[in-house]
Amino acid sequence: MSICIKDAIQNLNLVIGCTVGCSYCYARNNAARYHMTADFTRPEFFEGKLRLMEKKRPQNFLLTGMSDLADWQPQWREAVFAKMRQNPQHQFLFLTKRPDLLDIETHLENAWFGVTVTRRADLWRIDALRRKVRASHYHVTFEPLFDDPGPMDLHGIHWVVIGTMTGRQRRKVFTRPAWAHALTGQARALDIPVFMKEELVPILGEENMTQQLPQAFTAVLEAQKTWHR
């Protein structure tokens, strides 16, 4: 039975807002619906949420579910990195569509930096991630996919996530089975774990789903099962 990725990785939206302007952006719609910020195109840092990173029970956190790391001001990022150093029991993920705007070097072992690839024309982001972010862990999320990304260089990538377009869109482009299988094959050739998001079940069939997590994330989930206050 496929699991929802949100059961394994929790959203912690320290920054809300993004300047990329994707037409299909669910974050912008949610921010407007729940009145999270006055202007979604002006990212806002909610410093008070830093205390949520101090939870003793281990968690896997996505910190950019409502933002793009490239929009984070340096002082925001450094405040978050400081909390990450103080809380090694957690794993933290970041995503960006503009890795070329970053210049980050960190030795944090619980930091995972990734890019979103939506089409073949976006593959440059993978190389830019490795070049502009000098870190221990990298991941790539292929969601939503608008075409077949084709062959790519995944060397040095530690996790691949595959999804499809969700939400109420007038013109949806669904990830095709051949694209998902080709991506999975390329990742497996390099022993990279692959996680197909639950929205792919109607497209691929339950029997064809692959849902692998990096060992560090699995260790967090195992620790949660035996956690005592």
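What counts and what doesn't
Residue positions are given per chain, counting from 1 as you read along its sequence in written order. Since the coordinates come from a predicted model, pLDDT governs what is reported: local features require at least 70, and pairs of side-chain atoms require 80 or more to be given and counted, while whole-chain, interface and lining totals use all residues. Heavy atoms throughout the structure, all of them, feed into the side-chain values; hydrogens and water do not. Where helices and strands are cited, they refer to DSSP runs of H or I of at least four residues and of E of at least two residues respectively, numbered from the N terminus. Radius of gyration: C-alpha atoms only; globule rule: 2.2 Å multiplied by the number of residues to the exponent 0.38. The buried label applies to any residue whose accessible area, calculated with a 1.4 Å probe on protein chains only, is under 20% of its type's maximum; exposed applies above 50%, and partly exposed to all values in between. By definition in these notes, contact holds between two residues if any of their heavy atoms fall within 4.5 Å. In this description, accessible areas are obtained by the Shrake-Rupley approach with a 1.4 Å probe, and a residue is regarded as covered only by the protein chains that are shown. In this tally, Asp and Glu contribute negative charge and Lys and Arg positive charge; neither His nor the terminal groups of the chain are included. Charge positions are represented by NZ for Lys, CZ for Arg, CG for Asp and CD for Glu. By the convention used here, strands pair only if DSSP detects at least 2 bridges between them.

Draft legend 1. Layout of the overall build of the protein. Helices and strands together make up the secondary structure of the protein, namely six helices and 11 strands. The C-alpha atoms of the protein give a radius of gyration of 17 Å, which matches the 17 Å a tight globule of 229 residues would have. Taken over the C-alpha atoms alone, the protein extends approximately 45 × 40 × 35 Å along its principal axes. Per-residue burial over the protein gives 52% buried out of 229 residues. Of all intrachain contacts in the protein linking residues separated by at least 6 positions in sequence, the fraction that spans at least 24 positions is 68%. When the accessible surface of the protein is totalled, it reaches about 11700 Å², and 50% of it is carbon and sulfur. Of note, the protein has its 30 positive side-chain charges centred 5 Å away from the centre of its 24 negative side-chain charges.

Draft legend 2. Inspection of the pairing of strand 10 (residues 159-162) at higher detail. The two faces of strand 10 match: Trp159 and Val161 on one face and Val160 and Ile162 on the other face are all buried. In the sheet, strand 10 pairs with strand 11 (residues 194-196) via three bridges, with the strands oriented parallel. Bridge pairing in strand 11 places Val160 opposite Val194.

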